[in-house]
Structures are given as structure tokens and as C-alpha cells.
Amino acid sequence: MTEVFVVGNGLSLRETDLDRLAGRTSVGMNRIHLQYGKPGCERWRPTHYAFVDYQTTLTQDVVMEELARHIRAGEQVYLGTELYQRTFKKLQCETPANMPGNVHFLELCSRHFGGDYLSPSAPKRWHLDEDPPYCKFASGLFAAMQIAARDLGATTIYLLGCDLGYRAIGEDGKDPNHFDPGYVQLYPHRGVTGRSVMPPGYDEYTNRKLRFGHRVARRSCAELGVEVYNCTVPPADKGLAGIYPWRDLKDVT
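Our subject in this report is the structure included herewith. (Residues numbered from 1 in each chain as written. Predicted model: local features only at pLDDT ≥ 70, side-chain atom pairs only at ≥ 80, totals over all residues. Heavy atoms only, no water.)

## Side note on the packing of aromatic side chains
How two aromatic rings sit relative to each other is set out by the distance from centre to centre and by the angle between their planes. For the structure on display, the rule yields 10 aromatic pairs. When the centroid spacing of 6.0 Å and the interplanar angle of 75° are considered together, the rings of tyrosine 166 and tyrosine 202 count as edge-to-face. Here tyrosine 166 is found in the loop between β6 (156-160) and α4 (202-224), whereas its partner tyrosine 202 is found in helix α4, with 36 residues between them in sequence. Sitting over the ring of tyrosine 36, arginine 45 keeps its end group 4.1 Å from the ring centre. (Phe/Tyr/Trp six-rings, centres within 6.5 Å; stacked < 30°, edge-to-face > 60°. Helix = DSSP H or I, 4+ residues; strand = E, 2+ residues; numbered from the N terminus. Lys NZ or Arg CZ within 6 Å of the ring centre and 35° of its normal.)

Below, the structure written as C-alpha cells:
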């Protein structure tokens, strides 16, 4: 059995003992490094790292510096192909052959970009046997799960930090959805998650979209023979009730 721990970036990571994952195969995402060195995350670092959510409110320089940090740490890094040229330049590679061997570029489908779960074209399952194989419908978390299943050969996936209960950023500018209040930086006229620019009902729409994405993931993993368990710390796990069985992290590590 090949176990892979996929770590989301929800608020519950503040209460999660990630050090229990030290030495185990795990996939971190996006700005997970903001948790490094904090209680419960003093020793653990992901063996694999995914960054496919490029539509970010961070500046390009910040994004590339953070990506370079993960690459230089020796993690197996998975990026969308649109970042190839910027990564090549950031790492000062002379030729494509000089690109570090721990950097992998994913072909992501465009027909499911974003995630309107009400659209007739919304995916019913992953399409890992098609070209391009990877889909980030609804959230980059699902691309990380696909990496676990397709590239890492997972037979069991454990999810952590997969909180539901999305809320747009309020007037205080603090991110209410991630483990670090500065995880998302809201710039004037560029905010994509700020309360003032979101239409009424957007919070619940986002949560419904994420639940839809998890049901697609559950169905797809079942077809692949991959078991999925939710280890997100309660009560943040409640949004996933009825989709995956819950397991206490202490019981599986």
C-alpha cells in the first residue's frame, strides 16, 4: 500500500500536528512554507510540492521567489506549463537541459479552468488518460490529489487542512480561509476574494463548488482503486462529511 498525505492550506493547519508526517510521502501546496517553523510544523517539510493556482494576488516576483525556495529545498516540484519560461529565467538555466531534475511541468486542461459546477461542461470525473491529463477544476487541491494518484502511485490518500466554509476577505484585509492571515494579499482594484467585489451569495457558491470538486475526486479515486480519507481537524472537516470517511491523523501515522 502506498500512502500519500495531501495537505491543504485551511485554518485547521494551525491545530494540525504536521510533524507526524515527517519522513512520509506528502504533497504541500502554494504558500505552505508560511507554516514552517510554527508549532506542529517544526520538522515536517513536504516531499512533493504543487503550484498550479497561478491566478494569485501576489506579485510575480514574490511567486517566483517562493517557487525557487521549494525547488532549492529539493522537493519534487510540480508547476503548470505557463510558468516554464519564468522558472527557467528565475533559476538562471542556460539550456532546458539545465533545468533541475526535481521540477516537473504539468499540462493542465483549459476546458475546466476555474470551476463553474453549474455548467454542463463541469467534469464528472478526472481525465488522467486523456491529453492533457490534469484538471484543476474548482481548486488546485484536486490537481495535487491527481499528482498523488497518477504520479506517486497512491493507493491511499489522506487529506489534511481541507477546510470548507469559505468566506471572502473583509474590510480588515485578513484572510479568513487559510492558516496564515496574510496568505492572500489583497491589492487595490486587484482583489479577487474581497468582500467588496464579490456578488451576494458568492461564499456559499464557492463552498458548493468545492464540495462538487470533492465528489468528483471521490468518484475518480474509486474508479482508480484509490481510497481517500479525510484527516482534517474537526470541526473544519464537517463540510466533507458524507464525501470521505474521517480518520484521526494519530491513528494513521
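## Re the pattern of salt bridges
As a working rule, side chains carrying opposite charge can pair if their charged atoms are close by. In total, this model carries 8 salt bridges according to the counting rule given. Between glutamate 3 and arginine 24 there is a salt bridge, with its nearest N and O atoms 3.8 Å apart. Residue glutamate 3 is located in strand β1 (residues 3-7), and its partner arginine 24 is located in the loop between β1 and β2 (26-29); the two are separated by 21 residues in the primary sequence. On the basis of relative accessible area, arginine 24 is assigned to the partly exposed category, the value being 28%. One salt bridge in this structure joins aspartate 180 and lysine 38, with 3.1 Å as the shortest N-O distance. Placement of aspartate 180 in the loop between β6 and α4 and of lysine 38 in the loop between β2 and β3 (48-51) is noted, with a sequence separation of 142 residues between them. (Salt bridge = Lys/Arg side-chain N within 4 Å of Asp/Glu carboxyl O. Buried < 20%, exposed > 50% of the residue type's maximum accessible area, 1.4 Å probe, protein only.)

## Some words on unusual backbone geometry
Most peptide bonds take the trans form, and the phi angle of most residues other than glycine is negative. Proline 132 follows aspartate 131 through a cis peptide bond whose omega is 0°. Mapped onto the secondary structure, proline 132 falls in the loop between β5 (103-106) and α3 (140-151). In the segment running from proline 234 into proline 235, the intervening peptide bond is cis, with an omega of 5°. The phi torsion at asparagine 30 lies on the positive side, around 45°, for a residue other than glycine. Along the polypeptide, asparagine 30 turns up in the loop between β2 and β3. Residue classification places asparagine 30 among the buried positions, given a relative accessible area of 10%. Unusually for a residue other than glycine, alanine 138 sits at a positive phi of about 80°. In this fold, alanine 138 is placed in the loop between β5 and α3.

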